[in-house]
Amino acid sequence: MSAAKLVDVTLVMTWSPGTGAGDEPARIVFAIALDGQGQPDAGAWLADPAPWPARYEAAGKPPMAGDVTHDEDGWSLRFFADAAAAPDAPMHRILHLGMPRPGEVLTIREPNGAEAAWRVVGIG
């Protein structure tokens, strides 16, 4: 159980070099603690002994569980192909995660270096 009060942030892919017109957009839902100014709380992540969950959902595929990570370069998401969380799972770097708000567009750099745009569609 997490020691921090987490909120779910829901993203929907708005653009990626690998998606075509008419494709159903993928979704990412991840949990994060926000500080008093609404910014992601790195201190809470460091102090929390429990992993902060993440999930990747794409049409026609089973959801992939994952987690939220933080380091000196910022916030990332990791997704696991199976139930076991591998410590060397590739990072999906969230570029410039500030104060997440519905309508905001975030850029996520995938492990292969490609960048995709994701719209925040829910917080709660």
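For the coordinates displayed, the defined rule picks out four salt bridges. When the shortest N-O distance is used, the salt bridge between R78 and D67 registers 2.7 Å. Residue R78 is located in strand β5 (residues 74–79), and its partner D67 is located in strand β4 (residues 64–71); the two are separated by 11 residues in the primary sequence.

The strand order around the closed barrel formed by eight strands is β1-β2-β3-β4-β5-β6-β7-β8, and the pairing between neighbours is antiparallel. Strand-to-strand twist across the sheet, computed as the mean angle between neighbouring axes with direction ignored, equals 35°. Alignment of β5 against strand β6 (residues 91–95), held across three bridges, turns out to be antiparallel. Within the sheet, the bridge partner assigned to L77 lies in β6 and is H92.

So, about the environment of R119. Here R119 is to be found in strand β8 (residues 115–123). On the basis of relative accessible area, R119 is assigned to the partly exposed category, the value being 35%. Separated by 13 residues in the primary sequence, R119 and L106 place their C-alpha atoms 6.2 Å from one another. Aside from chain neighbours lying at most four places away, what touches R119 is T10, L11, V12, T14, G103, E104 and V105. Here the side chain of R119 touches G103 through a polar contact of 2.9 Å, landing on its backbone oxygen.

Attention now goes to the packing of aromatic side chains. Under the criterion given, the structure shown has three aromatic pairs. Seen in terms of ring centroids, Y56 and W118 are 6.3 Å apart; in terms of plane orientation they differ by 70°. Their pairing is edge-to-face. Here Y56, found in strand β3 (residues 52–57), pairs with W118, found in strand β8; they are 62 residues apart in sequence, far enough to count as distant. The class of Y56 is partly exposed, set by a relative accessible area of 24%. On the accessibility criterion, W118 (3% relative accessible area) is buried. Of the aromatic side chains, those joined through ring pairs into one cluster are Y56, F79 and W118.

Turning to the nonpolar core, a few remarks are in order. By size, the foremost hydrophobic cluster in this structure holds 25 residues, and its most contacted members are L11, F30 and L77. Secondary-structure elements contributing two or more residues to this core are β1 (7–15), β2 (27–32), β3, β5, β7 (105–109) and β8. Per-element accounting of this core gives the leading share, four residues, to β1. Not counting residues up to four positions away in its chain, the partners in contact with F30 are V7, D8, V9, L11, P53, A54, V68, L77 and I94.

The rules behind the values
- Residues numbered from 1 in each chain as written.
- Predicted model: local features only at pLDDT ≥ 70, side-chain atom pairs only at ≥ 80, totals over all residues.
- Heavy atoms only, no water.
- Salt bridge = Lys/Arg side-chain N within 4 Å of Asp/Glu carboxyl O.
- Helix = DSSP H or I, 4+ residues; strand = E, 2+ residues; numbered from the N terminus.
- Pairing = 2+ DSSP bridges.
- Axes fitted to C-alpha atoms, helices over the stretch in contact; angles between N-to-C directions.
- Buried < 20%, exposed > 50% of the residue type's maximum accessible area, 1.4 Å probe, protein only.
- Contact = heavy atoms within 4.5 Å.
- Polar contact = N/O pair within 3.5 Å; in protein donor to acceptor, adjacent residues only side chain to side chain.
- Phe/Tyr/Trp six-rings, centres within 6.5 Å; stacked < 30°, edge-to-face > 60°.
- Core = buried A, V, L, I, M, F, W, Y, C linked by side-chain atoms within 4.5 Å.

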